[in-house]
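# Observations on the three-dimensional arrangement
Chain residues, written in single-letter form:
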Amino acid sequence: MSNELIQTNTAKLTTAFATALVVADTQIHDDLAYNSIKEWDSTAHMLLIAELENVFNVMLDTDDIIDMSSVAKAKVILSKYGVSF
Amino acid sequence: MSSFANRLEQFGEAIALRLPDHSTISYLQLAKLADQYSATLNKLLPEHSLLALRFSSTLAAVVAYLAALRCGKALLLLAPDLGDSQTLALVERLQIAALIQSSGDIQLTGHQHQVRPDCALLLSTSGSSGSPKSVMLSLENIEANARAICAYLPIEPTDTAITALPLHYSYGLSVLNSHLFKGASVLLTEAPLMSKDFWQQTRDFHISSLQGVPFSYQLYRQLRLERMPRPALRYLTQAGGKLNSSLTDYVQQLASSLQKPVYLMYGQTEATARIAYLAPKFIQQYADCIGVAIPEGELLLRHPVTKALITEDLREGELCYRGPNVMLGYASCADDLTSRTVLTELSTGDLAERLPNGLYRIVGRLSRFLKIQGKRLQLDHLEQQLSALVDPVCCTGNDELLVVAYTQQEPALAEQLQQLLREQLQLHPALYKVLQLDALPALSNGKADYQALLQLAMGSHHAG
C-alpha cells in the first residue's frame, strides 16, 4: 500500500516537473538541478513551485522554495511536509 | 562632457563594488582598474570605435564598461548569454570593431567603423533577443538620468544595491549608474532571483533596496517577501511594464505590511531608463498611475494624428517626453551610427491622460509592442522574423501572453515556431501560444484584426 503511494507520488512529482519545465518525463531524474538546463530557469521554477504546492496540497516556506535546487532536493523538502517518496 | 564614470576618484576609499566572496573594490581602486583597461583599449582601437560587451554582473565586465565610458569608446551592451549567431549578426550589421567577453577578453573583428563622437552607449530595445535596433545614448544622457534618479529615490552613500536585474538592461544599468553617481555601493551577483544565494546575499550584505519588473514581483509574491526579515531594506522600486491588478494588490499589501516605500516607475530605454515615477504616498490610491516626470524632465500629451498639444485634464493623447536623458536616436545599421540627429522629444507610443491632481495615467498603447517579463517585443518585427518560417503569420498579445497565429497546414510548423520563440526570445512556453487557424481574423479593410485574434486566443488559453 505504502509502496503504491510512493510510486504515485514519484509519478506526480515527475509530471509536475515535466509540466513546469515543459520537457519530457524521461528527462526528469534525481540529479536534474536548477539552472543546469536552460528549461529550468526562474520562470519555470516559479511555475514548478505553484505546481508542487497544488499537486501535493502543501504551502512551502520561503526557505524551502529557494532551497529546491534539484529533483532529489525537492523530494527531501516535500518529505518534511508529509509527502513520502 | 564628464559623467559619474569620470568622477569615480572623488569618493576615494568608499566602497564602490562588493563581490559575493565579500571582497570589496573602493572607488579609487575601481578608477585605477578602469584606467588600466582603458589603456589596453586605447592601444588596440582608435577613439570613437564601437565595441560590444557581454555585460555580466561581474567585476571584469563592470570595469570594461566604465573604462569605455572614461576613454571615449562607444559601447553596445549585450546579454551575457546572447547566442553566437545573433552576436555575429550584430557585429556585421553595426560593424562592431571589438567584442569584449564577460571576462574582459577582447576580440578584434577587423571592422574600423567610426561612431558619432557624442555616442557613448548603445542599448538594445528588446533586451536579450538581439534585435538589431539599438538606442544611441550620450554621456550626458547617462549622467542626467543618474542625477535625476538620485534626486527622487532616497539613495544614500551608505547604501548597497544588488544586481537583481541584468546590467545590459536599461533598468538594471540605471541601478548601477545611480549608485555610482551617489558614492554608494553595489553587490555584483550573478545569483538568480529565485535562488538561496541571492536571498542570503540580500541579508548578509545588508541590501538597502530591491528592484523588479512585474515578473520579479510575481517571484517576490511567491517567495512571500513580506515574511522575510530584511531590516536593512529601506525601499523597493518597480518598472519595466505595468503591473496587472493582482500584482498591484500585492505591491500595495507589501508596502503596507513592510511599512517601506515602494516606487512605481515608468520609463523606456529611449530615455536612458527612467521617465516618470509615482511618489510612494500615492501607492494605495493611485497605483494605476505613472505619476509625474522625473526631475529635469517634462511629460506632454499630443493628439496621436495631428500631434497638437493636449492641455485639458482627462483627455487621452500620446504620451511624449522631453528631458536631457532623451536618446540621440536609433541605430539599426552602421550608417545610423554616424547620423547627426538630435532628438528633443520622445514619443513613447503609449496613450495616457493627466488627472486633475497632475498625475499621469497610461490608458492604452499606440504602437504594437508587448512587454513580457520586462522584455519588449516589437510585434511587427517579430512577424517579419517569423515570416521566414511561415507566411502569413500574425502576432498579437498582452503583457502576459504572446499570441502567434498562422494558417499553413504543415505539421512540423508548430514545433518549429515554439522552438524559435523559446530559444531566440527566451520565453517560457507558458508565456506564448501558437495557433494554427483556418483563416486569420481580418477587418473589413483586409488588415489583420489583432483584437479578434487576441480574444480568440484568450478564450482558448483559459479553456486549455
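In the block above lies the structure referred to throughout.
Bear in mind the structure is a predicted one, so any value in this text is a computation, not a measurement. In this convention, every chain numbers its residues from 1, walking through the sequence in written order. Key to labels: chains lettered from A, ligands numbered from 1, both in the order written. Where local features are concerned, this predicted model is filtered to residues with pLDDT of at least 70; where side-chain atom pairs are given and counted, the filter is 80 or more; whole-chain, interface and lining totals use all residues. As a rule here, side-chain values come from all non-hydrogen atoms in the structure, and water together with hydrogens is ignored.

## Comments concerning the overall build of chain B
Think of it this way: any DSSP run of H or I at least four residues long counts as a helix, any run of E at least two long counts as a strand, and we number them from the N terminus. If you tally the helices and strands in chain B, you get 12 helices and 25 strands. Compactness check: chain B gives a C-alpha radius of gyration of 22 Å against a globular reference of 23 Å for 464 residues, within 12% of the reference. Over its C-alpha atoms, taken along the principal directions, chain B stretches across nearly 65 × 55 × 50 Å. The buried label applies to any residue whose accessible area, calculated with a 1.4 Å probe on protein chains only, is under 20% of its type's maximum; exposed applies above 50%, and partly exposed to all values in between. A buried classification covers 57% of the 464 residues belonging to chain B. Entry remark: accessible area of chain B is about 18600 Å², with carbon and sulfur atoms responsible for 51%. Chain B carries 38 positive and 42 negative side-chain charges, and their two centres are separated by 5 Å. The globule rule used here is 2.2 Å times the number of residues to the 0.38 power, and the radius of gyration it is set against is calculated over C-alpha atoms. We get accessible surface area from the Shrake-Rupley algorithm with a probe of 1.4 Å; when it comes to residues, only the shown protein chains can shield them. When charges are counted, Lys and Arg are positive and Asp and Glu negative, with His and the chain ends excluded. The atom standing in for a charge is NZ when the residue is Lys, CZ when it is Arg, CG when it is Asp and CD when it is Glu.

## Let's talk about the nonpolar core
Residue and element names in this part refer to chain B. Grouped together as the largest cluster of nonpolar side chains are 146 residues, with contacts concentrated most on Phe55, Tyr65, Leu66, Leu121 and Leu176. Counting residues per element, this core draws most heavily on helix 2 (residues 59-70), which supplies nine residues. Setting aside chain neighbours within four positions, we find Leu176 in contact with Leu17, Phe55, Val62, Tyr65, Leu167 and Val186. To define a nonpolar core, start from buried Ala, Val, Leu, Ile, Met, Phe, Trp, Tyr and Cys residues and group those joined through side-chain atoms within 4.5 Å. Core analysis: the second largest hydrophobic core is formed by 20 residues, Ile372, Leu386, Leu417 and Leu425 among them. Contact definition: two residues touch when any of their heavy atoms are within 4.5 Å.

## So, the interface of chain A and chain B
Chain A puts 23 residues into the contact, and the matching count from chain B is 20 residues. Take the accessible area each of two parts loses on contact, using a 1.4 Å probe, and add the two losses: that sum is the buried area. When chain A packs against chain B, close to 1800 Å² is buried across both sides, 59% of that on carbon and sulfur atoms. The largest contributions to the chain A side of the interface with chain B come from A:Met46, A:Thr62 and A:Ile66, which together make up 35% of the buried area. Any carboxyl oxygen of Asp or Glu that lies within 4 Å of a side-chain nitrogen of Lys or Arg is treated as forming a salt bridge with it. At the boundary of chain A with chain B, the tally comes to three salt bridges.

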